[in-house]
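Residue strings, one per chain:
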Amino acid sequence: MPEPQPASGAASAEVLVLVAHPQMEQSRVNLRLMRAAGEVAAASHGRVEVRDLYALYPDYLIDVAAEQALLAQAKLIVWQHPVHWYSMPPLMKLWLDEVLAFGWAYGPGGTALQGKDLWLSASTGGPEDSYRPDSYNRYFFDAFLPPYEQTAALCGMRFLPPLLLHGAHRVEKAAIEAHAGVYAERLATYPEWPELAELAECVACEVPATARPSTEPEGA
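Along each chain, numbering runs from 1 in the same order as the chain's sequence is written. Only residues with pLDDT of 70 or above have their local features reported here, since the model is predicted, and side-chain atom pairs are shown and tallied only from 80 upward, although totals for entire chains, interfaces and linings are computed over all residues. To obtain the side-chain values, all non-hydrogen atoms of the structure were included, while hydrogens and water were left out.

Draft legend 1. Inspection of the overall build of the chain at higher detail. The way it works is that DSSP assigns letters per residue, a run of H or I at least four long becomes a helix, a run of E at least two long becomes a strand, and they are numbered from the N terminus. Within the chain, the secondary structure is distributed over six helices and six strands. Between the two quantities, the radius of gyration covers C-alpha atoms and the globule rule is 2.2 Å times the number of residues to the power 0.38. Relative to the compact-globule value of 17 Å for 220 residues, the chain shows a C-alpha radius of gyration of 18 Å, a close match. Summarising its shape, the C-alpha atoms of the chain cover approximately 65 × 45 × 40 Å along the three principal directions. Working definition: with a 1.4 Å probe on protein chains only, accessible area under 20% of the residue-type maximum means buried, over 50% means exposed, and in between means partly exposed. Counting only residues that meet the buried cut, the chain has 47% of its 220 residues in that class.

Spelled out as structure tokens, the structure:
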């Protein structure tokens, strides 16, 4: 199966899949999902692009301009990663901090991502029944999604219902294959998803210029 190329040099993909797994070679679920996405990309004539962030940036030095150029052209942005400590892996978080910049992704003049869709494809080590008030994770998994939803909202994006696979450490291979098939089908058919017409548009979150310190030198 073809592996996704770390970088294509093109900035025209409508579906941009950003994968972040710090030990991809040990992954059962995310490696299979990335390969499924790569197969879709290979047959898409440039409509889908898959980027393995840990392969691209092993030194954590993110090419912000390149990432922003790809984002600007995409209509669907996909974040694919395992859940680490109820959140995302560290390189994915750094990517957010640096790429989704004030004045570009949000805030005054920050309109580059408005009207786009954001889709989370995540896996958890714990089984689904561990995400309950009476189990060790204490909350239903939905309780950990607001930071993703609000990040999307702040940037003017619509947060789509996530695709989740729980119990990644022990899930049977047949279940992984079925999940990868759903993932590939969704990537290949976007935006022809029946539920999209029923989803509300993104709420407006206007951030004033005063929300960030002035860059003007003191006394100017």
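Draft legend 2. Spotlight on the confidence of the model for the chain. pLDDT expresses, on a scale from 0 to 100, how confident the predictor is about each individual residue. Chain-level pLDDT for the chain is 91 on average; 92% of the residues reach the 70-or-more range. Whether two residues touch is decided by their heavy atoms; if any such pair falls within 4.5 Å, the residues are in contact. Across residues 5–10 the pLDDT falls below 50, and counting only partners more than four positions away or on other chains, this stretch makes nine contacts in the model.

Draft legend 3. Up close: the packing of aromatic side chains. Put simply, two rings from Phe, Tyr or Trp (the six-membered ring, in Trp's case) pair if the centres are within 6.5 Å, and we call them stacked under 30 degrees between planes, edge-to-face over 60, tilted for the rest. In the structure shown here, the tally under the stated rule is 13 aromatic pairs. Ring geometry for Trp79 versus Trp95: centroids 6.3 Å apart, planes at 80°, classification edge-to-face. Taken together, the residues Trp79 in strand S3 (residues 76–82) and Trp95 in helix H4 (residues 90–99) connect sequence positions 16 residues apart. You'll find Trp79 and Trp95 in the same group, each marked buried. Judged by centre distance (6.0 Å) and plane angle (85°), the ring pair of Tyr139 and Phe144 falls under edge-to-face. Exposure remark for Tyr139: the relative accessible area of 40% places this residue in the partly exposed category. Given a relative accessible area of 15%, Phe144 falls into the buried group. Among the aromatic residues, ring-to-ring pairing joins Trp85, Tyr86, Tyr131, Tyr139, Phe141 and Phe144 into one connected group. Any Lys NZ or Arg CZ that is within 6 Å of a ring centre and within 35 degrees of that ring's normal is treated as a charge sitting over the ring. The ring of Trp193 carries Arg186 above its face, with NZ or CZ at 4.2 Å from the centroid.

Draft legend 4. Spotlight on the side chain of Arg51. By the element assignment, Arg51 lies in strand S2 (residues 48–52). Any pair of N or O atoms that falls within 3.5 Å is considered a polar contact. Within protein, one atom must be able to donate a hydrogen and the other to accept it, and sequence-neighbouring residues count only if both atoms are side-chain atoms. Looking at Arg51, its side chain comes within polar contact range of the side chain of Glu67, at 2.5 Å.

Draft legend 5. How the structure looks around helix H1 (residues 30–42). How far a helix is expected to stretch is found by multiplying one less than its residue total by 1.5 Å. Its 13 residues give H1 an end-to-end C-alpha distance of 18 Å, which sits within 8% of 18 Å, the value for a rise of 1.5 Å per residue. Most of H1 sits inside the fold, with ten of its 13 residues counted as buried. Listed in full, the buried residues belonging to H1 are Asn30, Leu31, Arg32, Leu33, Met34, Ala36, Ala37, Gly38, Val40 and Ala41.

Draft legend 6. Region of the structure containing the nonpolar core. Ranked by size, the top nonpolar core spans 38 residues in total, and within it Leu71, Ile77, Trp79, Trp95, Leu100 and Leu113 carry the most contacts. Those elements that place two or more of their residues in this core are strand S1 (15–19), helix H2 (53–56), helix H3 (64–73), S3, H4, strand S4 (117–123) and helix H5 (146–154). For this core, the element with the most residues is H4, which contributes five residues. Ignoring sequence-local partners within four residues, the contact set of Trp79 consists of Leu18, Met88, Met92, Trp95, Leu96, Leu100, Leu118, Trp119, Leu120, Ser121, Tyr148 and Thr151. For our purposes a nonpolar core is just a set of buried Ala, Val, Leu, Ile, Met, Phe, Trp, Tyr and Cys residues, chained together by side-chain atoms within 4.5 Å. By size, the runner-up hydrophobic cluster in this structure holds 30 residues, among which are Val50, Leu163, Leu165 and Val171.

Draft legend 7. Here's a closer look at the pairing of S4. S4 sits mainly inside the fold: seven of its seven residues count as buried. Where burial is concerned, the two faces of S4 agree: the one with Asp117, Trp119, Ser121 and Ser123 and the one with Leu118, Leu120 and Ala122 are both buried. Taken together, the seven bridges between S3 and S4 define a ladder with parallel strand orientation. Note on S4: the bridge partner recorded for Gln80 is Ser121. Read from S4 through H5 to strand S5 (residues 158–159), the crossover connection turns out right-handed. In this description, strands pair whenever DSSP reports at least two bridges between them. Crossover handedness is defined here as right-handed if the route from the first strand over the helix to the second strand goes clockwise, with the strands pointing away from the viewer.

Draft legend 8. Representation of the packing of H1 against helix H6 (residues 173–189) in the model. Interaxial distance between H1 and H6 falls to 9 Å at its minimum, and their mutual angle equals 35°. Here H1 runs over H6; the crossing is right-handed. Across from Arg32, Leu33, Ala36, Ala37 and Val40 in H1, the residues of H6 making contact are Ile176, Glu177, His179, Ala180, Tyr183, Ala184, Leu187 and Ala188. Considering only residue class, the contact of H1 with H6 consists of ten nonpolar, one polar and two charged. To obtain each axis, a line is fitted to C-alpha atoms, and for helices this fit is confined to the stretch in contact; angles are then taken between N-to-C directions over 0 to 180 degrees. Note: crossing handedness is left-handed where the near helix turns anticlockwise from the far helix by less than a right angle, and right-handed where it turns clockwise. All amino acids are sorted into three groups, where Ala, Val, Leu, Ile, Met, Phe, Trp, Tyr, Cys and Pro are nonpolar, Asp, Glu, Lys and Arg are charged, and the leftover types, Gly among them, are polar.

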